[in-house]
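# Structural characterization, general
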Amino acid sequence: MKIFKTYKTVVIAGALLLASCAHEDQPKESQLDFTTPAKTELDNWIGTNFLNPFNINVYYEWNQNLVDNNRYLYPPMVDKVQPAMEVVKKIWIDSYTTIGGADFVKKIAPREFVLVGGVNLNTNGTVTLGLAEAGQRVSLFQVDNLNRKSRASITQFIHTIQHEYVHILNQTKPFDEQAWAKLTPSGYTTSWYVEPIATSRSLGFITSYARLNIYEDFAETAATILTSSKAEYDAILASITDANAKANIKAKEALVVKYYKDSFNIDFYTLRDEAQKNTDAVINN
Amino acid sequence: MKVKYIYKCLMIAFAALLLGSCSSPEVDAKFDQNATDRLSGRQKELNDLLLSSADGWKAVYYTDSTQLGGWTHLFKFLPDGKVNMASDFTGKDGSIDTKTYQSQYDIQVGSTVSLVFTTQNRIHLLSDASNYPTAALLAKGYLGDFQFYYYGQKNGDIIFRTNRNSHFLRFVKATPKDWADLPGNVPIIKAITGDMNSPLFRILEINDGTTTKNYDFSYNPSARFGTGYSLESGVNTSYDLALSFNPLGAYSKLPLEVKGQKLTDYVYDSATNAFVATGKDGVKATIKYTNAPPRLTDDYKVTLPAAGAPSTAYGYIAANLANAPTNSQLCNYLLNEINNASAAKVNRVQFTFYNNRTVDIMYSFTGGKATVYHRATVTEDAVNKTIILKHSLWHNGTAVIAADPLVKNLDDKLMDPKGLYVTKESFRITYSNTIYTFAGASSSFRITTYAFQ
């Protein structure tokens, strides 16, 4: 017991000794820079129109983490940003909001738009107009080239957004992939870019890019209808002489209409008409 | 006893622990500050440095001096994240805009501190995928960056490394003279680029103090890069020049080594329209224009069939050869001048060389205009290796007619008093016919034809 007592004293002394060593600097305030960067008028506009109402941020200043660093791209001209995003707001957000309900875009939307001024040219000579990544981010290229007075320019630009948004909708609720895959199974090809659009249409595809796979096919079919007036779309169908091809495109159209109705309770044609009305409003103002 | 041993062992272990815990925590610090402090310190240091120069900074940006030249950029950084910038970049349409534009910049912190030009300005012109100076740079533009990693300072200069290919880039303090001088680069760049009336060929003439050797200088004005190829047969020597410009001339980042001397500064001499780099002891390198092809050949002899031999014919056919790269700008200009004048468009310009030293130049058209022929005599200039065509008469195949004013300007180039160079080219266009070009000896006119025999 005596030994134990002696050791007990030593142990307590030792514990005290160790504890006394635990003297370290306490953390102070963060060393990271948390000051809010100065906001420009454009930043405030983005805040009012996208960030606050829809929780969507718009990146127009360069951040290499948001873009493919192997590509030779550059930021858009600052004075092109607001006009481009006004088009996005009017034709895409406003159309879906009117038809799908005030909260539709708030619930399902990319959270980030990345704007790029230059052309995203691929080494095979094709041009990438837009990218949708994981349903979270949509990158739009060639913002510098957008001409609001030209219907062709607006249609191409909005087609990119409509196309990418259809992907995001598909990622939320899948479409009937099995039914789709049965329609034109042999027409899909990775070298879609060498195919003339007329050939693709005679095989039952609305565009050549639609021939990459069924997901692009769905997005292209939906986006083409949304960016065309009824008359324009009818003209496309009328230009197809192959009866089977025409029937396949119409069957795809029916699947798109059904998908919007069943998944989101949206009448696809009403949405198309609203988008067209808003497109006219953009071009005429 | 057993318990005692256990305690003893425990105590030894405990003592070891105790001693170990007292080992000095004072590690020799490699740095005075921790990583965060150092990064934010570097961030502030770089920003302060950029703002410190009253007239901003100058950088001659060589994106890749193995295949491209350099572009001069001037930057003036402003306190609120704004930057004024100017450059001597040559646009797609050949225009050079040296005006100053404002955009934003940022000092970003990642693994290290970098300067990023976050909104569009002149420097971004170098990284436009859709504007590339050579076929090899498809989708890569001019290989430019606009994010530069801060590497340090040296003699008052700021050293960066570029983002994608880690090349060094030096920012030198700019002076008011630098800003005033920038527009002065434009006439120099235009002088080396030339226009449609500039002679077709460039020569790099190298004098080593005793002898002069000529090199066929192939220069790409967009890339600002040229290579001089030896004209001696069997010699494969070549010299690369990666040029940037200043109001006095050109500077090559790749020095031209002659007799141990490194020539880099080519001064423009407007009197001779040449760029001259002068060394010591008579060493000199000159870039100059010439209408005479660097390699003269006997190809012209095909236009001189011997008496009794069949005639030879060479034809420019608009449908196939309008986009031939060997048609000179002046040739295209003159053809377009005819095409734009009326409904008649040039269909063919065709030479038929007879065996009696005469030629019929046929001009045929689409759009309803009748074919006309210009007959001329052909004289050989064996010294300069040219043929000289001299007017005889105009006819329409059956009767003599007056000269056709529509084709006058083009026809005048073919009647060049100094003659025409005739060259058999090594490439084919659409068909298997041999391609021959006819070039004016005293103008930059050159037309591409198919040989019909």
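Residues numbered from 1 in each chain as written. Chains lettered and ligands numbered in written order. Predicted model: local features only at pLDDT ≥ 70, side-chain atom pairs only at ≥ 80, totals over all residues.

The next point concerns the overall build of chain B. Within chain B one finds 7 helices and 26 strands. Over its C-alpha atoms chain B spans a radius of gyration of 33 Å, topping by over 25% the 22 Å that the globule rule assigns to 453 residues. Taken along the three principal axes of its C-alpha coordinates, chain B extends 135 × 50 × 50 Å. Looking at chain B residue by residue over its 453 residues, the buried ones come to 34%. Considering only residue pairs separated by 6 or more positions, chain B has 50% of its internal contacts joining residues 24 or more positions apart. (Helix = DSSP H or I, 4+ residues; strand = E, 2+ residues; numbered from the N terminus. Rg over C-alpha atoms; globule rule 2.2 N^0.38 Å. Buried ≥ 20, exposed ≤ 12 C-beta atoms within 10 Å, placed from the backbone. Contact = placed C-beta atoms within 7 Å.)

What follows concerns the sheet that holds strand E3 (residues 82–87) of chain B. Residue and element names in this part refer to chain B. Sheet architecture is open: 9 strands sit in the order E4-E3-E2-E1-E9-E8-E7-E6-E5, paired in antiparallel fashion. Taken across any chain shown, the strands that pair with only one partner, and hence form the sheet edges, are strand E4 (101–104) and strand E5 (106–109). Direction aside, neighbouring strands of the sheet carry axes that sit 35 degrees apart on average. The pairing of strand E7 (residues 147–154) with strand E8 (residues 157–162) spans 6 bridges and is classified as antiparallel. Residue pairing across strands places Lys154 opposite Asp157, the latter belonging to E8. (Pairing = 2+ DSSP bridges. Axes fitted to C-alpha atoms, helices over the stretch in contact; angles between N-to-C directions.)

Turning to the interface of chain B and chain A, a few remarks are in order. If you look at the interface, chain B gives 29 residues, while chain A gives 29 residues. The biggest single contributor to the side of chain B that touches chain A is helix H1 (residues 2–21) of chain B, with 6 residues. When grouped by side-chain class, the residues that make up the side of chain B that touches chain A number 9 nonpolar, 14 polar and 6 charged. (Nonpolar A, V, L, I, M, F, W, Y, C, P; charged D, E, K, R; others polar.)

Turning our attention to helix H6 (residues 329–341) of chain B. Residue and element names in this part refer to chain B. When the terminal C-alpha atoms of H6 are compared, their 18 Å separation across 13 residues agrees well with the 18 Å that a helix rising 1.5 Å per residue should span. Residues of H6 that are buried include every one of Leu330, Cys331, Leu334, Leu335 and Ile338, and no others. One face of H6 carries all of its buried residues, which in axial projection span an arc of 135 degrees. Looking at the buried positions of H6, the neighbouring elements they touch are strand E19 (345–353), helix H7 (408–414) and strand E26 (446–451). (Expected span 1.5 Å × (residues − 1). Arc of directions from axis to C-beta.)

This part takes up the domain arrangement of chain B. All names here are of chain B. For chain B, the assigned domains are domain 1 (35–174), domain 2 (188–290) and domain 3 (299–451). Computed from C-alpha coordinates alone, the two centres of domain 2 and domain 3 are separated by 33 Å. In this complex, domain 2 contributes 5 residues to the contact, which on the side of domain 3 involves 7 residues. (Domains from an automatic or database assignment.)

Here we come to the packing of helix H5 (residues 151–172) of chain A against helix H8 (residues 214–226) of chain A. Residue and element names in this part refer to chain A. At a minimum axis distance of 8 Å, the contact between H5 and H8 shows a crossing angle of 130 degrees. Between H5 and H8, the interaxial angle falls into the category oblique. Between H5 and H8 lies a crossing whose hand is right-handed. On the side of H5, the interface is formed by His159, Gln162, His163, Val166, His167 and Asn170, while H8 contributes Tyr215, Phe218, Ala219, Glu220, Ala222, Ala223 and Leu226. (Parallel < 35°, antiparallel > 145°, perpendicular 65-115°, else oblique. Left-handed = near helix turned anticlockwise from the far one by under 90°.)

To continue, consider the pairing of strand E20 (residues 358–366) of chain B. Residue and element names in this part refer to chain B. The side-chain alternation of E20 yields one buried face, formed by Val359, Ile361, Tyr363 and Phe365, and one unburied face, formed by Thr358, Asp360, Met362, Ser364 and Thr366. In this sheet, E20 lies alongside E19 in antiparallel orientation, the contact comprising 8 bridges. By the bridge assignment for E20, Val346 is matched with Phe365. Across 6 bridges, E20 lies against strand E21 (residues 372–381) in antiparallel orientation. By the bridge assignment, Thr358 is partnered in E21 with Thr377.

Moving on to the sheet that holds strand E11 (residues 212–220) of chain B. Sheets are built from strands that pair by backbone hydrogen bonding, the pairs being arranged parallel or antiparallel. All names here are of chain B. Strand order in this closed barrel of 8 strands is E10-E11-E12-E13-E14-E15-E16-E17, and the pairing throughout is antiparallel. For this sheet the average axis-to-axis angle between neighbouring strands, irrespective of direction, equals 30 degrees. With 6 bridges connecting them, strand E14 (residues 249–258) and strand E15 (residues 261–269) associate as antiparallel partners. Looking at E15, one finds that Tyr251 is bridged to Asp265.

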